[in-house]
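# Topology and contacts: notes
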Amino acid sequence: TGNLIWDANLGTNAAYNAVNFSSDGSMIATGTEDGDVRIWDTENGNLINRLTGHKYPVRVVLFSPDGTKLASGASDNTARVWQVPSGVQISEYRIKTNVRDIAFSPDGQYIAVTSNRIAVFKINSGGDTAIPYEDAKAETRDLGEVAYSPNGVFLIAAGPWHNFENNKWPYRILIWDFPYNKTEPLLIPIYDAVEDIVVSPDSKVIVCVYKDKGKLLLIDIFDREIKGTVDIGPKLYMSYSPDITTFAVVSTQTTVTIWSIPQE
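Structural notes, computed from the coordinates. On a predicted model such as this, the values are computed, not experimentally measured, just so you know. (Residues numbered from 1 in each chain as written. Predicted model: local features only at pLDDT ≥ 70, side-chain atom pairs only at ≥ 80, totals over all residues. Heavy atoms only, no water.)

## Let's talk about the side chain of Thr 30
Mapped onto the secondary structure, Thr 30 falls in strand β2 (residues 27-31). Excluding residues that lie within four positions of it along the chain, Thr 30 makes contacts with Leu 10, Ala 18, Val 19, Asp 36, Val 37, Arg 38, Trp 40 and Val 61. (Helix = DSSP H or I, 4+ residues; strand = E, 2+ residues; numbered from the N terminus. Contact = heavy atoms within 4.5 Å.)

## Structural notes on the packing of aromatic side chains
This structure, assessed with the given rule, holds nine aromatic pairs. Aromatic pair Phe 154 and Phe 222: ring centres 5.9 Å apart, planes at 65°, arrangement edge-to-face. Of this pair, Phe 154 sits in strand β15 (residues 154-162) while Phe 222 sits in the loop between β20 (215-220) and β21 (225-231), and the two are 68 residues apart along the sequence. The buried category is assigned to Phe 154, whose relative accessible area is 13%. One aromatic cluster is present, built from ring pairs that chain together Tyr 110, Tyr 133, Tyr 148, Trp 176 and Phe 178. It is Arg 141 that lies over the ring of Trp 169; its NZ or CZ is 3.9 Å from the centre. When the ring centre of Tyr 210 is taken as origin, the NZ or CZ atom of Lys 213, which lies over that ring, is 5.8 Å away. (Phe/Tyr/Trp six-rings, centres within 6.5 Å; stacked < 30°, edge-to-face > 60°. Buried < 20%, exposed > 50% of the residue type's maximum accessible area, 1.4 Å probe, protein only. Lys NZ or Arg CZ within 6 Å of the ring centre and 35° of its normal.)

## Here we look at the environment of Ala 71
Mapped onto the secondary structure, Ala 71 falls in strand β6 (residues 69-74). Judged by its relative accessible area of 0%, Ala 71 is buried. Note: C-alpha distance between Ala 71 and Ala 103 (32 residues apart in sequence) is 8.6 Å. Each residue touching Ala 71, except ones within four places of it in the same chain, is listed here: Val 60, Val 61, Leu 62, Arg 80, Val 81, Ile 102 and Phe 104.

## Concerning the nonpolar core
One finds Ile 156, Ile 173, Ile 175, Val 194, Ile 206 and Ile 219 to be the most contacted residues of the largest nonpolar core, which totals 17 residues. With sequence-adjacent residues up to four places away left out, Ile 156 is seen in contact with Glu 145, Val 146, Ala 147, Ile 173, Leu 174, Ile 175, Val 199, Ile 206 and Ile 221. In terms of nonpolar packing, the next biggest core, distinct from the first, is built from 16 residues, Tyr 148, Ala 157, Trp 161 and Phe 178 among them. (Core = buried A, V, L, I, M, F, W, Y, C linked by side-chain atoms within 4.5 Å.)

In short, geometric facts, not functional conclusions.
So this is what it looks like as structure tokens:
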């Protein structure tokens, strides 16, 4: 119907698009510039818990696949994992720079965090030492979004990759065989920075968007190439349906459009 179900006062501004639904849709998490994370009841808007600990703006929040944990990353160079709904902090991980993105492995045992590099942490391991995923034959920097494939086989990130042969930094999608191969990612050529990375339910296709070109890409993981594109125009934010056959775009023209992804 388009009717407003409820609204809630966050108490302060949200400096980033730090909002996430739990997988069953019963909870929403938000992060604000004061460093607080809040968990809300989706049905009525009641505040379930307020999580404090971050000292600078929260940049990303993410529920684990089973909804029992919540990860948050902030401009204080930390990522944290909390129990849901109690709000008890399970762990705190130190990152070298501001957290850019977080992804839970499908089994909920690991989180991957990007900043200038990528770091993987095993939750409940009793330690906070990162498991480095890198390229032993090259160098990466300024990695943005990160994702796991639904089958848990691939760890995926994107960003500039240093080609030692010509000393250039072309953009690449980097795919590691998780958790076994930590130093030799599969490289897929792209031509600009990408964001809004998701992987199809069958773990065969990556969907992402060229950040400044308004073009959505359909990338075959095994063929290592772009199989199709969709021109969506300039966007502010977007979100995919769980099966990624449909996505919504909030454009820079203050309109919302619904798109369907080609199935061939």
